[in-house]
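Residue strings, one per chain:
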Amino acid sequence: MSVDITAHRAPLATLSPQLRGEGLGFTAHVDSVAMAYDAPQMSPSALSVRVERWRLAAAFTISRGAKTEAVVVVAELSDGTHRGRGECVPYARYGETVEGVAAAIEAMEPEIARGLDRDRLQSAMPPGGARNALDCAFWDLAAKRAGRAVHELIGLPAPKVLTTAYTISLAAPDTMAKAAAGAADRPLLKVKLGAPGDPARIAAVRRAAPKAELIVDANEGWTADDLAENLAACAQAAVTLIEQPLPAERDDVLAHIARPLPICADESAHAAASLSALVGKYDAVNLKLDKAGGLTEALAMAHEAERLGLTLMVGCMVATSLAMAPAMLVAQRARVVDLDGPLLLARDRPDGLCYEGSRVHPPAPALWG
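Definitions and limits used
Residues numbered from 1 in each chain as written. Predicted model: local features only at pLDDT ≥ 70, side-chain atom pairs only at ≥ 80, totals over all residues. Heavy atoms only, no water. Helix = DSSP H or I, 4+ residues; strand = E, 2+ residues; numbered from the N terminus. Buried < 20%, exposed > 50% of the residue type's maximum accessible area, 1.4 Å probe, protein only. Contact = heavy atoms within 4.5 Å. Salt bridge = Lys/Arg side-chain N within 4 Å of Asp/Glu carboxyl O. Polar contact = N/O pair within 3.5 Å; in protein donor to acceptor, adjacent residues only side chain to side chain. Axes fitted to C-alpha atoms, helices over the stretch in contact; angles between N-to-C directions. Parallel < 35°, antiparallel > 145°, perpendicular 65-115°, else oblique. Left-handed = near helix turned anticlockwise from the far one by under 90°. Nonpolar A, V, L, I, M, F, W, Y, C, P; charged D, E, K, R; others polar. pLDDT = per-residue confidence, 0-100.

Engineer: I'd love a proper account of unusual backbone geometry, names of residues and values included.
Structural biologist: Within the chain, Asn 219 stands out as a residue other than glycine whose phi angle is a positive 50°. Tracing the chain through its elements places Asn 219 in the loop between strand 8 (213-217) and helix 8 (227-236). The backbone phi angle of Ala 238 is positive, close to 60°, even though this residue is not glycine. Mapped onto the fold, Ala 238 is located in the loop between helix 8 and strand 9 (239-243).

Written out as structure tokens, the structure reads:
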């Protein structure tokens, strides 16, 4: 299904000044969030699944390849009066396909008809995109039925306006510099690296955007042989944070080197149970709902990461505002927010998040939650 609907596009805002230090004083007991909503969870009567294709404003390139559209899977639960929606992006890095994720969601229809609710969903499906779409749809449906926002159902403070990063795709140094110059007034840029010649790329971006806060995402593209050189180049460019420099299965070397700047786990982090293995190798963790398998698990991950002393980042795949909306709740406690997916689209869906200057506003009920 092709969709073409106008998006809000605007510059971005400032990053929280320090990535290290004390917690954010967030007091909700999200480790038990799966049980946080005590009102009856009546089963929906209908499930629908659809695949949508959204054109990008420009090609999006990382170390694993490029794409010109975002392909998302939307799950919708309905009780005949109210409907709840959730959106996911199948993650090829973990063997997910659009067809496979859509089929996995559809396969849950008999269980849903027999009374499956969000709590039981957590054990009925593994973490991943399919469970994320359904988990977020359950939360949205619960909010619509109750006439209350999801944050109220969970017991969280009302979400606030946040600052998000803006992504510079991997390309030749001069191309990246041109893109960075066009976004130089945005205070936080996320720079995609992960290929030979990265020191020249990050230096070019820094020259083009001298005042911007820079974070780097290598997408597992570095090796033990070029790690020191690339870390030094990033430190020289005053980069604030580096995401996943090494392949997840070969990241043990991070425990045995001096880290000149904070390192954030992305592909090495999945659900909450995976986080203890990051201690000593990483300083931060990037929480993504598609990896975690939904808002329920992502909130539990945030609590566990804080317990382990890991700084929180909240990220996204390239998707519409429907995927960003539930992530906004987790992002309230993050030091780094990277929810720019809709800004990379040619057009967003109706009632999308409002990106105003450098700020992204919480979702309206018409979108989600």
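Engineer: Which residues make up the side chain of Asp 338, and what values go with them?
Structural biologist: One can find Asp 338 in the loop between strand 13 (336-337) and strand 14 (355-356). Given a relative accessible area of 2%, Asp 338 falls into the buried group. Ignoring any residue separated from it by four or fewer positions in sequence, one finds Asp 338 in contact with Thr 164, Ala 165, Thr 167, Lys 190, Met 313, Val 314, Gly 315 and Cys 316.

Engineer: I'd like a description of the pattern of salt bridges, backed by residues and values.
Structural biologist: Under the counting rule described, the total for this entry stands at 27 salt bridges. The residue Glu 152 makes a salt bridge to Arg 148 at a minimum N-O spacing of 3.7 Å. The exposure class of Arg 148 is partly exposed, given its relative accessible area of 39%. Its salt-bridge partner being Asp 198, residue Arg 201 comes within 2.9 Å of it at the nearest N-O pair. Here Asp 198 and Arg 201 lie together in helix 7 (residues 198-208), a separation of three residues that amounts to about one turn. Owing to a relative accessible area of 1%, Asp 198 belongs among the buried residues under this scheme. It is possible to trace a salt-bridge network through shared partners that takes in Arg 50, Glu 52, Glu 76, Arg 83, Glu 87 and Arg 349.

Engineer: Run through the environment of Asp 198, naming residues and quoting values.
Structural biologist: Sequence-wise, Asp 198 and Leu 170 are 28 residues apart; in three dimensions their C-alpha atoms are separated by 9.4 Å. Sequence-distant contacts of Asp 198, that is, excluding residues within four places in its chain, are made with Leu 170, Leu 193, Trp 222 and Asn 230. Side-chain polar atoms of Asp 198 contact the side chain of Trp 222, separated by 2.6 Å.

Engineer: Tell me about the packing of helix 1 (residues 98-106) against helix 4 (residues 129-146), and name the residues and values.
Structural biologist: Between helix 1 and helix 4, the shortest axis-to-axis distance is 8 Å and the interhelical angle comes to 45°. Of the possible angle classes, the one that applies to helix 1 and helix 4 is oblique. In this structure, helix 1 crosses over helix 4, and the sense of that crossing is right-handed. On the side of helix 1, the interface is formed by Val 101, Ala 104 and Ile 105, while helix 4 contributes Gly 129, Ala 130, Ala 133 and Leu 134. Within the contact of helix 1 with helix 4, the residues separate by chemical class into six nonpolar, one polar and no charged.

Engineer: Let's hear about the confidence of the model for the protein: which residues, and what values?
Structural biologist: Confidence in the prediction for the protein averages 89 pLDDT; 88% of positions are at 70 or higher. Scored below 50 in pLDDT, residues 1-40 makes 114 contacts in the model with residues more than four places away or belonging to other chains.

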